[in-house]
Amino acid sequence: MKAMNLRKSILFALVLLFAITSAFADKSRFYQDGRVIDTMYVDSQEGLRVRDKPSLKSNRLCGLSHRLPVKVVAIGKEETIDGITAPWVEILIPRYEWKGEEPEYGWVFGGYLVKEQPRFDCSNWGSADVKRYLMSKEWKMVAWYDDWATVNFYENGTAKIKGSKTWTFNYQILSGKRIKISNISNTQIRSYTVQNPPKSEIYNQIYTLEFSDNLTVDTKETSALTLFYHFPADYPELFTRRELYETDDFEWHRGNSYDDKQFKNYFEFYVYEKKRFSEIKDSDIQNFIKCGLSPEGTGYETQYRDYWNPIIEAHQRFADEME
């Protein structure tokens with residue numbers, strides 16, 4: 001009997017130790033050198049909901065797309081959701097979702113955050129995945145007279161091209177990452193290589209799409225339908241736009257050696273570009289810091305820490321009180 005009780009006690013102690021170790025190990029992945037990791041990435045093909053409190057019953061504030069980088073502010077209570085045990089994590093809401101000029105915060109389930117940006121992989125995409133990807137972004141393409149036009153895809157199978165004029169067309173996603181284009185409302189669409197293609201050459205046909213991790217969509221059959229992820233030409237506008245948070249936009253890094261996988265490189269590239277023309281201002285740096293862009297390894301890191309350390313400490317105290 002004593003031996004049986006001893007075995008039960010040992011088994012219970014091991015289970016308890018495993019539970020404690022697992023919980024600590026999961027929370028520990030949100031820390032580095034005793035400090036909350038500055039930037040993590042969304043790892044969920046369906047996206048991730050941001051809530052006003054660390055609970056599934058709380059209000060939804062906005063959504064974050066797969067692979068999006070987010071600034072971590074505080075680590076909250078643990079919960080098991082979808083079979084995953086992880087803490088709720090408070091983040092800085094992306095600038096494009098703020099209602100005003102002041103930073104806003106929300107909570108996401110940490111089970112869908114990772115340290116490294118997930119690899120772009122469309123190898124197993126079906127028709128629904130292709131459609132969802134096209135609908136998730138605003139694209140651009142070369143339109144008549146070399147104008148860039150924006151392209152938006154909608155759930156009902158229509159798409160809108162807006163440049164100097166607004167045109168529409170119908171699209172249908174077929175198996176094998178193919179897209180059927182039909183019923184273009186205006187034939188004056190061109191590309192780099194096709195100067196004035198007749199309607200039958202581009203539209204009312206089926207094309208095979210090729211997706212790449214630099215946010216472009218090409219077609220095997222023609223370059224006339226090449227889509228690029230839309231970004232603003234005026235860099236300061238980034239502080240109020242979604243593009244601030246897209247770390248793999250190839251347009252930012254064409255012709256320079258900056259690694260495009262980290263938040264800090266937006267900071268570096270912006271400063272680099274502005275210094276070339278002696279246009280860098282303190283307000284530019286402050287905007288980057290306020291929006292959560294880390295200048296790690298640059299001369300502005302102290303300013304960044306002076307701004308964020310007190311905020312993180314205050315938010316973490318509040319998170320600890322909620323547990």
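Everything quoted here is computed from the prediction, not taken from an experiment.

**Regarding the side chain of Arg305**
Here is step 1 of the chain: For Arg305, the position within the fold is in helix H6 (residues 301-322).
Here is step 2 of the chain: Each residue touching Arg305, except ones within four places of it in the same chain, is listed here: Arg35, Asp38 and Pro310.

**Description of H6**
Here is step 1 of the chain: Over its 22 residues, H6 extends 31 Å from the first C-alpha to the last, a length consistent with the 32 Å expected when each residue adds 1.5 Å.
Here is step 2 of the chain: At Trp308, H6 shows its maximal bend, which comes to roughly 30°, and the proline Pro310 appears one to four places after that position.
Here is step 3 of the chain: Regarding H6, the residues found buried are Tyr304, Arg305, Trp308, Ile311, Ile312, His315, Gln316 and Ala319.

**Focus on the environment of Cys122**
Here is step 1 of the chain: As for its position among the elements, Cys122 is in the loop between strand S9 (113-114) and helix H2 (127-135).
Here is step 2 of the chain: Among the residues examined, Cys122 registers a relative accessible area of 13% and is labelled buried.
Here is step 3 of the chain: It is 8.4 Å that separates the C-alpha atoms of Cys122 and Ser212, two residues lying 90 residues apart in sequence.
Here is step 4 of the chain: The residues contacting Cys122, other than those within four sequence positions of it, are Lys177 and Phe211.

**Quick look at the pairing of strand S14 (residues 178-182)**
Here is step 1 of the chain: Pairing analysis gives five bridges linking strand S13 (residues 166-174) to S14, with the strands arranged antiparallel. Counterpart to Tyr171 in the pairing with S14 is Ile181.
Here is step 2 of the chain: Two successive antiparallel strands, S13 and S14, enclose a turn made up of three residues, where Gly176 displays a positive phi of approximately 75°.
Here is step 3 of the chain: Taken together, the four bridges between S14 and strand S15 (residues 205-212) define a ladder with antiparallel strand orientation. Looking across to S15, one finds that Ile181 is bridged to Gln205.

**Concerning H2**
Here is step 1 of the chain: Along H2, the residues classified as buried are Val130, Tyr133 and Leu134. The buried residues of H2 occupy one face: seen down the axis, they fall within an arc of 95°.

**Brief notes about the nonpolar core**
Here is step 1 of the chain: Formed by 29 residues in total, the largest nonpolar core has its most connected members in Val50, Leu64, Val89, Ile91, Val108, Leu113 and Trp308.
Here is step 2 of the chain: For this core, the secondary structure elements donating two or more residues are strand S3 (39-42), strand S4 (48-51), strand S5 (60-64), strand S6 (69-81), strand S7 (84-92), helix H5 (282-290) and H6.
Here is step 3 of the chain: Among the nonpolar cores identified, the runner-up in size contains 28 residues, and Val130, Leu134, Ile173 and Phe211 belong to it.

**Digging into the environment of Thr219**
Here is step 1 of the chain: Structurally, Thr219 can be placed in strand S16 (residues 216-219).
Here is step 2 of the chain: If near-sequence neighbours (up to four positions away) are discounted, Thr219 is found in contact with Tyr207, Thr208, Leu209 and Leu225.

**A short note on the sheet that holds S14**
Two strands in a sheet stick together by hydrogen bonds in their backbones, pointing the same way (parallel) or opposite ways (antiparallel).
Here is step 1 of the chain: Taken together, eight strands build a closed barrel; the order of strands is S10-S11-S12-S13-S14-S15-S16-S17 and the barrel is antiparallel. Direction aside, neighbouring strands of the sheet carry axes that sit 35° apart on average.
Here is step 2 of the chain: Examined bridge by bridge, S16 and strand S17 (residues 227-229) share two bridges and lie antiparallel to one another. Following the sheet pairing, Val217 is matched in S17 by Leu227.
Here is step 3 of the chain: Lying over the sheet, H2 contacts strand S10 (139-142), strand S11 (148-153), S13, S14, S15, S16 and S17, oriented at roughly 155° with respect to S13.

Thresholds, definitions, all that
Residues numbered from 1 in each chain as written. Predicted model: local features only at pLDDT ≥ 70, side-chain atom pairs only at ≥ 80, totals over all residues. Heavy atoms only, no water. Helix = DSSP H or I, 4+ residues; strand = E, 2+ residues; numbered from the N terminus. Contact = heavy atoms within 4.5 Å. Expected span 1.5 Å × (residues − 1). Bend = angle between axes of the 7 residues up to and from the residue. Buried < 20%, exposed > 50% of the residue type's maximum accessible area, 1.4 Å probe, protein only. Pairing = 2+ DSSP bridges. Arc of directions from axis to C-beta. Core = buried A, V, L, I, M, F, W, Y, C linked by side-chain atoms within 4.5 Å. Axes fitted to C-alpha atoms, helices over the stretch in contact; angles between N-to-C directions.

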